[in-house]
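Chain by chain, the residues run as shown.
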Amino acid sequence: MTTWMHGSFPGHEVNLVFARGMALDALTRSLREARREPLAHGEAGGWAWAVHDMHNYEAEDYEDVDYRGLSGEGAEIVVFETEPCSAKAHPPSFGYFRDGRSILHFAFGDQQQRVGENPDHLSLELLAANLIGPGSECPREADVDHDCFDHHYEDHARLVKVIAGFFLLPTPPLSAEVAAR
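Values in this document were obtained by computation on a predicted structure and should not be read as measured data.

**Observations concerning the overall build of the protein chain**
Phase 1: The secondary structure content of the protein chain amounts to four helices and six strands.
Phase 2: Along the protein chain, helices and strands appear, N-terminal first, in the series β-α-β-β-β-β-β-α-α-α.
Phase 3: Put simply, the protein chain has 181 residues, and 46% of those count as buried.
Phase 4: Residue pairs at least 24 apart in sequence account for 57% of intrachain contacts in the protein chain once pairs closer than 6 positions are excluded.
Phase 5: When the accessible surface of the protein chain is split by element, carbon and sulfur atoms take 50% of a total near 9600 Å².

This is the structure we're talking about:
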């Protein structure tokens, strides 16, 4: 997805979860109860964070984690699904949960289609970064000599930067080498 996670856990399709208003041990315990053993975890900048496999193949559990259940009263959770289905070319996605509710969710590359209780929660920031709205399309999209996929990962990085800046998420290093226990 970005330098935060892309390639940090070879052979794993992972989610990166940030929690504020929830202790690290509560986050990791909740993930284990959801049958998602953290691959790495830590705390930084007022956020607890964990990386876990998207699915639990050993338990044949292919359901997505319901983060609403993890984000109880007073807790916020920001989730990046870094490689939701690389074989089917599904893009990464973002979710924001607060007080047990889904506030905002969208797929990268389709941030025009935002869902949740407040789909406009980041709209001003996304507009300001030219990621949605007028002028957000690639200006060379119709040019036959241009492939928009050439800047696909740069667009993802800009999107992550906007989200991380809005929520004041901690910055790297958040890697297995630094944080695994």
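**Here we look at the sheet that holds strand β1 (residues 14–20)**
Phase 1: Taken in spatial order, the six strands of this open sheet run β2-β3-β1-β4-β5-β6, and their pairing is antiparallel. Unpaired on one side and paired on the other, β2 (38–44) and β6 (101–107) mark the two borders of the sheet. Ignoring strand direction, the axes of neighbouring strands in this sheet form an average angle of 15°.
Phase 2: Bridge count between β1 and strand β3 (residues 47–53): six bridges; the pairing is antiparallel. By the bridge assignment, L16 is partnered in β3 with V51.

Conventions used here
- Residues numbered from 1 in each chain as written.
- Predicted model: local features only at pLDDT ≥ 70, side-chain atom pairs only at ≥ 80, totals over all residues.
- Heavy atoms only, no water.
- Helix = DSSP H or I, 4+ residues; strand = E, 2+ residues; numbered from the N terminus.
- Buried < 20%, exposed > 50% of the residue type's maximum accessible area, 1.4 Å probe, protein only.
- Contact = heavy atoms within 4.5 Å.
- Areas by Shrake-Rupley, 256 points an atom, 1.4 Å probe, with all protein chains shown as cover.
- Pairing = 2+ DSSP bridges.
- Axes fitted to C-alpha atoms, helices over the stretch in contact; angles between N-to-C directions.

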